[in-house]
Amino acid sequence: MSAATVSRQFARAALRTNARNTFATSARQAFRQGGRRYYSSEPPKSSSVSTLVYLAGAAVAGAGGYYFYTQSSPVSTKVFTPTKEDYQQVYNYIAKLLEENDEYDDGSYGPVLLRLAWHASGTYDKETKTGGSNGATMRFAPEGDHGANAGLKNARDFLEPVKAKFPWISYSDLWILGGVCAVQEMQGPTIPYRPGRQDKDIAACTPDGRLPDGAKGSNHLRDIFYRMGFNDQEIVALAGAHALGRCHTDRSGFDGPWTFSPTVLTNDYYRLLLDEKWSFRKWDGPKQYEDKNKSIMMLPADYALIQDKAMKPWVEKYAKDNDLFFNDFKNVVVKLFELGVPFKEGTQPWVFTPTNA
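Residues numbered from 1 in each chain as written. Predicted model: local features only at pLDDT ≥ 70, side-chain atom pairs only at ≥ 80, totals over all residues. Heavy atoms only, no water.

**Student:** Summarise the environment of Ala-319; cite the residues concerned and give the values.
**Tutor:** The topology assignment puts Ala-319 in helix α11 (residues 312-320). The class for Ala-319 is buried, based on a relative accessible area of 13%. C-alpha of Ala-319 to C-alpha of Leu-274: the two residues are 45 residues apart in sequence and 8.0 Å apart in space. Excluding its chain neighbours within four sequence positions, the residues that come into contact with Ala-319 are Asn-267, Tyr-270, Arg-271 and Leu-274. (Helix = DSSP H or I, 4+ residues; strand = E, 2+ residues; numbered from the N terminus. Buried < 20%, exposed > 50% of the residue type's maximum accessible area, 1.4 Å probe, protein only. Contact = heavy atoms within 4.5 Å.)

See the structure below:
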């Protein structure tokens, strides 16, 4: 491990400790600093006797698969139905990669994985029943090239080794599981997860303009989120994801992080939105706000939350109560991640154990 990597890990640990001053969090940090945990299962071993060939189709993606063993004898078929433990192994492998690959942005791919899951889900239209997380249509142009999805190739590429190791999981389920893992590994609430999404082809791509525009105000936010079936409280709760990550000038055109700990999920986004003195940044880029020290930023869509009379009370509630925020964020993220998914009857949600628990 390089000296730079060690320094980053200590810096990230310090940020986490300062961001969440509770005994439980401190204990989790101490445990995490003790070392990495590797839970992933070994890949299937090949032999001269038999060769494992995986065949997957839309009918079985996300719910299982068929394995064919070619031997000197006639081909035999073995049906594989993944269990919760199989999905936990996928989760663990994503978490392992998150811990090992700390060169991205502020030291974690976590925020961009959450953004991938968010944008894959946020295309849903409740009237036409199109879009949503069932399909993973961002794999194709033009949807993958929509302006709102700029930079998400980093997240999709990050998950490719996971797909190669666990080929039975659909991209649709994998992207959402990546978002669940990101939230939990960045010390957010546990997010219940249900599998069963199926990948679709290019014909299912959604039109541009279904995702929120950070340059616009509360009326635009309502247009976007009401279309999906959310209310004002849920809009504000989802906005708390901006505690994580940062904007890039070569993607959205905006620049900078929203909080001082962009790889740890807390209610800091709401507290900073209310407590800091915000002014327009003087630069050649799009209109955005900056704090007095020019360290963090807010978008017009963020600032609109405290300008809107119906939304501001929820900002104030979440700023005062991290537990309330976590509970509401959990509920609304589950709702978001399940938009447009035709789960089989009886499919129960699972909760995966974080590797930093």
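**Student:** Describe the packing of helix α9 (residues 268-275) against helix α10 (residues 300-307), and please don't skip the residues or the numbers.
**Tutor:** The geometry of α9 relative to α10 is characterised by a closest axis approach of 10 Å and an angle of 70° between their N-to-C directions. With respect to α10, the axis of α9 lies roughly perpendicular. Between α9 and α10, the residues in contact are Tyr-269, Leu-273 and Leu-274 and Asp-302, Tyr-303, Leu-305 and Ile-306, respectively. Counted by class, the contact of α9 with α10 contains six nonpolar, no polar and one charged residues. (Axes fitted to C-alpha atoms, helices over the stretch in contact; angles between N-to-C directions. Parallel < 35°, antiparallel > 145°, perpendicular 65-115°, else oblique. Nonpolar A, V, L, I, M, F, W, Y, C, P; charged D, E, K, R; others polar.)

**Student:** Describe the side chain of Arg-156, listing the residues and the values that go with them.
**Tutor:** Along the chain, Arg-156 turns up in helix α5 (residues 153-165). Buried Arg-156, no salt bridge; nearest opposite-charge side chain is Asp-157, N-O distance 6.0 Å. Discounting chain neighbours no more than four positions away, the residues touching Arg-156 are Leu-116, Met-138, Gly-144 and Trp-175. (Lys, Arg positive; Asp, Glu negative; His and termini not counted. Salt bridge = Lys/Arg side-chain N within 4 Å of Asp/Glu carboxyl O.)

**Student:** Describe the sheet that holds strand β6 (residues 279-280), listing the residues and the values that go with them.
**Tutor:** Spatially, β6-β7-β8 is the arrangement adopted by the three strands of the open sheet, whose pairing is antiparallel. Each end of this open sheet is capped by a strand with a single partner; those strands are β6 and β8 (297-298). Looking at chain direction, β6 and strand β7 (residues 289-290) are connected through two bridges and run antiparallel. Across the sheet, the residue bridging to Phe-280 is Tyr-289, located in β7. (Pairing = 2+ DSSP bridges.)

**Student:** Tell me about the pattern of salt bridges, residues and numbers included.
**Tutor:** A complete count under the given rule lists 12 salt bridges for this structure. Close ionic contact of Arg-194 with Glu-338 constitutes a salt bridge, the shortest N to O distance being 2.9 Å. Highlighted residues: Arg-194 in the loop between α6 (171-185) and α7 (218-228) and Glu-338 in the segment after α12 (322-337), separated in sequence by 144 residues. The partner of Arg-251 in a salt bridge is Asp-250, with the nearest N and O atoms 4.0 Å apart. Classification of Arg-251 by relative accessible area gives partly exposed; the value is 23%. Relative accessible area serves as the criterion here: at 63%, Asp-250 is assigned to the exposed category. Taken together, the salt bridges that share partners define one network made up of Arg-222, Asp-232 and Asp-308.

**Student:** Give me the layout of surface pockets: which residues, what numbers.
**Tutor:** Its volume calculated, the largest pocket comes out at about 980 Å³. Along the walls of the largest pocket sit 43 residues, with Arg-115, His-119, His-242, Trp-258 and Leu-299 positioned nearest its centre. If you list the elements that add at least two residues to the lining of the largest pocket, you get α4 (110-121), α7, α8 (232-239), β4 (246-247) and α10. Examining the composition of the lining of the largest pocket, we find that six residues originate from one element, α4, more than from any other. Class assignment of the residues belonging to the lining of the largest pocket gives a composition of 24 nonpolar, 10 polar and nine charged. (1 Å grid on protein atoms, 1.4 Å probe; cavity = no way out; pocket = protein on both sides within 12 Å on 5 of 7 lines; lining within 4 Å. Points joined across faces, edges and corners; volume = space filled by probe spheres on them.)

**Student:** I'd like a rundown of α4, residues and numbers included.
**Tutor:** Taking 1.5 Å of rise per residue, the 12 residues of α4 would be expected to cover 16 Å, and the 17 Å separating its terminal C-alpha atoms lies within 8% of that figure. Among the 12 residues in α4, 11 count as buried, and that is most of the element. Considered for burial, the residues of α4 that qualify are Gly-110, Pro-111, Val-112, Leu-113, Leu-114, Leu-116, Ala-117, Trp-118, His-119, Ala-120 and Ser-121. Its buried side turned inward, α4 meets α3 (84-100), α5, α6, α7, α8 and α12. (Expected span 1.5 Å × (residues − 1).)

**Student:** A description of α7 should follow, citing residues and the corresponding values.
**Tutor:** The element α7 is largely enclosed, with a buried count of eight among its 11 residues. For α7, the complete set of buried residues consists of Ser-218, His-220, Leu-221, Arg-222, Ile-224, Phe-225, Arg-227 and Met-228. Elements in contact with the buried residues of α7: α4, α8, α10 and α12. Backbone geometry just after α7 places Gly-229 at a positive phi near 105°.

**Student:** Describe unusual backbone geometry, naming the residues involved and giving the relevant values.
**Tutor:** A cis amide bond, omega 10°, links Ala-141 with the succeeding residue Pro-142. Even without being a glycine, Ala-136 presents a positive backbone phi close to 50°. Relative to the assigned elements, Ala-136 resides in the loop between α4 and α5. Its identity is not glycine, yet Lys-294 carries a phi of approximately 60°, on the positive side. Here Lys-294 shows up in the loop between β7 and β8.

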